[in-house]
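Understanding the architecture of this molecule
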Amino acid sequence: MICKRSSVIFCGAFLFITWNAILVLLLWGRPPSGQEQKEAERPSIDIVDGVLRIVDSIEAELEVQKKTLLQIQNHQSLWEPSDRNGPKAAPTRPPVIPILVIACNRVTVKRCLDKLLQHRPSEELHPIIVSQDCGHAETAEVIRSYGNNITHLKQPDLSDIQVRPEHKKFKGYYKISRHYHWALNQVFKTLSHSSVVVVEDDLEVAPDFFEYFRALLPFLKSDPSLWCASAWNDNGRDGYVDPGKADLLYRTDFFPGLGWMLLREVWEELEPKWPDAFWDDWMRQPEQRRNRACIRPEISRTLTFGRQGVSLGQFFDKYLRYIKLNTEFVPFTKLDLSYLKEEMYRENFEKEVYNAPVVRYEDVKQGQLKGPGPFRLQYSSKDSFKMMAKNLGIMDDLKSGVPRAGYRGVVSFISRGRRIYLAPPPGWTQYDLSWS
Ligand SMILES: *[C@@H]1O[C@H](CO)[C@@H](O)[C@H](O)[C@H]1NC(C)=O
């Protein structure tokens, strides 16, 4: 080939122009008919005749060249879908965001996979990778039944893990941590993906689950103060969220998990020190979080449909079971989400919270609030936070000092139809690690 693939379009255009130039010169140079003298004597007929022939030839030649150019253009679009428009143009090649499903011994992974496949907008852009630990044959059979529509990985190290005696009952958490470590290495190192959404086998996803993460990927890539996007609102129970605000997103200092996206860079940072157990609480420690936030929605885009065994049995019955799953599709990729950018978000959020009138806990509890809200409910100690959270029905636990779904100490929720900000006094600067 004369032309390299990368420059084939220019090369084609150059050949096209050169060829036509030669053609025109040749045709003009050819005497139309007879002798030059005769031509001079009878200019009108001969010249018109000659020009017509030239035009005919050029027309035929143009047709052939046009076909050639179109072919070149088609091929070129296959080779280089995005980079032709110069450095200024945004890349049009859409990013691939795989979904990593963490599975073990629950055949109900079927519900998770069915919903993912049902709502997946594109097989190419969202490959589904199921990583299975535990070697459970029935679960493996369920996963296998999806054939080529998913990728089935099996965690090879099924060996027992030695733990100290007082941690015997937590052995499941050690295995989960080992599995996450292996599976995320597969995604980022073996399969070389640059981002992933992690889902557990007991999560059901909402119709706009993929749309949500597609819209947030550019934020994670461009904003170092973010380290994840999560589909989960820890206080997302029915009655505690605004059903008219399905498009509302927040920043949170609490790592929510439960359907979350991270980039390869974050994994490369965490992987060398990945813990033996309790990986999610480990991520919530300041050494790992390093003051970074996650994006989370007002209304959850995941729902847990069953938690038994190693984790969260009581917790499930009390809270998780009632989380409201979003049903309306929000076109996040077409919305202006610039309000989530750090500085603007912080300013506006603090204005919104600290301009809200302070109300008494008793008035919130008894539904005595006058006006539409929002209202601010102030806490000043760990105990007052816990007492109010518990009695108003939101999560009262703190990890490394951070309340669930909190941002700069503030937890936003709906109580009896009104927006409440459970907030520390104005001038908050940092979390108190001793609050747990
Ligand atoms: C894979 O998905 C296609 C399209 O939804 C479906 O027709 C096919 O039956 C699926 N294959 C398996 C093995 O489930």
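The rules behind each value
Residues numbered from 1 in each chain as written. Predicted model: local features only at pLDDT ≥ 70, side-chain atom pairs only at ≥ 80, totals over all residues. Heavy atoms only, no water. Buried < 20%, exposed > 50% of the residue type's maximum accessible area, 1.4 Å probe, protein only. Helix = DSSP H or I, 4+ residues; strand = E, 2+ residues; numbered from the N terminus. Pairing = 2+ DSSP bridges. Right-handed = clockwise from strand over helix to strand, strands pointing away. Phe/Tyr/Trp six-rings, centres within 6.5 Å; stacked < 30°, edge-to-face > 60°. Contact = heavy atoms within 4.5 Å. Disulfide = S-S within 2.5 Å.

1. Comments concerning the pairing of strand 1 (residues 99-103)
Here strand 1 lies mainly inside the structure; 5 of its 5 residues are buried. The alternating pattern of strand 1 places I99, V101 and A103 on one face and L100 and I102 on the opposite face, and all of these are buried. In the sheet, strand 1 pairs with strand 2 (residues 128-132) via 5 bridges, with the strands oriented parallel. Note that in strand 2 the partner of I99 across the bridge is I128. Handedness of the strand 1-helix 4 (residues 109-119)-strand 2 crossover: right-handed.

2. Some remarks on the packing of aromatic side chains
Tallied over the full model, the rule gives 23 aromatic pairs. Their ring planes at 90° and their centres at 4.8 Å tell us that F255 and W260 sit as a pair that is edge-to-face. Using a relative accessible area of 1% as the deciding quantity, one classes F255 as buried. Between the aromatic rings of F349 and Y407, the centroid separation amounts to 5.3 Å while the plane-to-plane angle is 85°, which identifies the pairing as edge-to-face. Here the residue F349 occupies a position in helix 12 (residues 342-354), and Y407 occupies one in the loop between strand 13 (402-403) and strand 14 (411-415), the gap between them amounting to 58 residues. Both residues of the pair, F349 and Y407, belong to the buried class.

3. Remarks on the environment of T139
Tracing the backbone shows T139 in helix 5 (residues 137-144). Judged by its relative accessible area of 0%, T139 is buried. Separated by 34 residues in sequence, T139 and N105 have C-alpha atoms that sit 5.7 Å apart. Beyond its immediate sequence surroundings of up to four residues, T139 is in contact with C104, N105, R106, V107, V109 and Q132.

4. Quick look at the state of the cysteines
Counted under the stated rule, the structure contains 2 disulfides. Linked covalently through their sulfurs, C104 and C134 form a disulfide whose S-S length is 1.9 Å. On the sign convention where negative means left-handed, the S-S torsion of about -100° between C104 and C134 marks this disulfide as left-handed. Of this pair, C104 sits in the loop between strand 1 and helix 4 while C134 is found in the loop between strand 2 and helix 5, placing the two residues 30 residues apart along the sequence. Overall, C104 belongs to the partly exposed group, its relative accessible area being 21%. Here C228 connects covalently by a disulfide to C294, the sulfurs 2.1 Å from one another. Residues C228 and C294 are joined by a disulfide whose S-S torsion is about 120°; by sign, that bridge is right-handed. Taken together, the residues C228 in strand 6 (residues 226-230) and C294 in strand 9 (residues 293-297) connect sequence positions 66 residues apart. Taken as a pair, C228 and C294 share a single burial class, namely buried.

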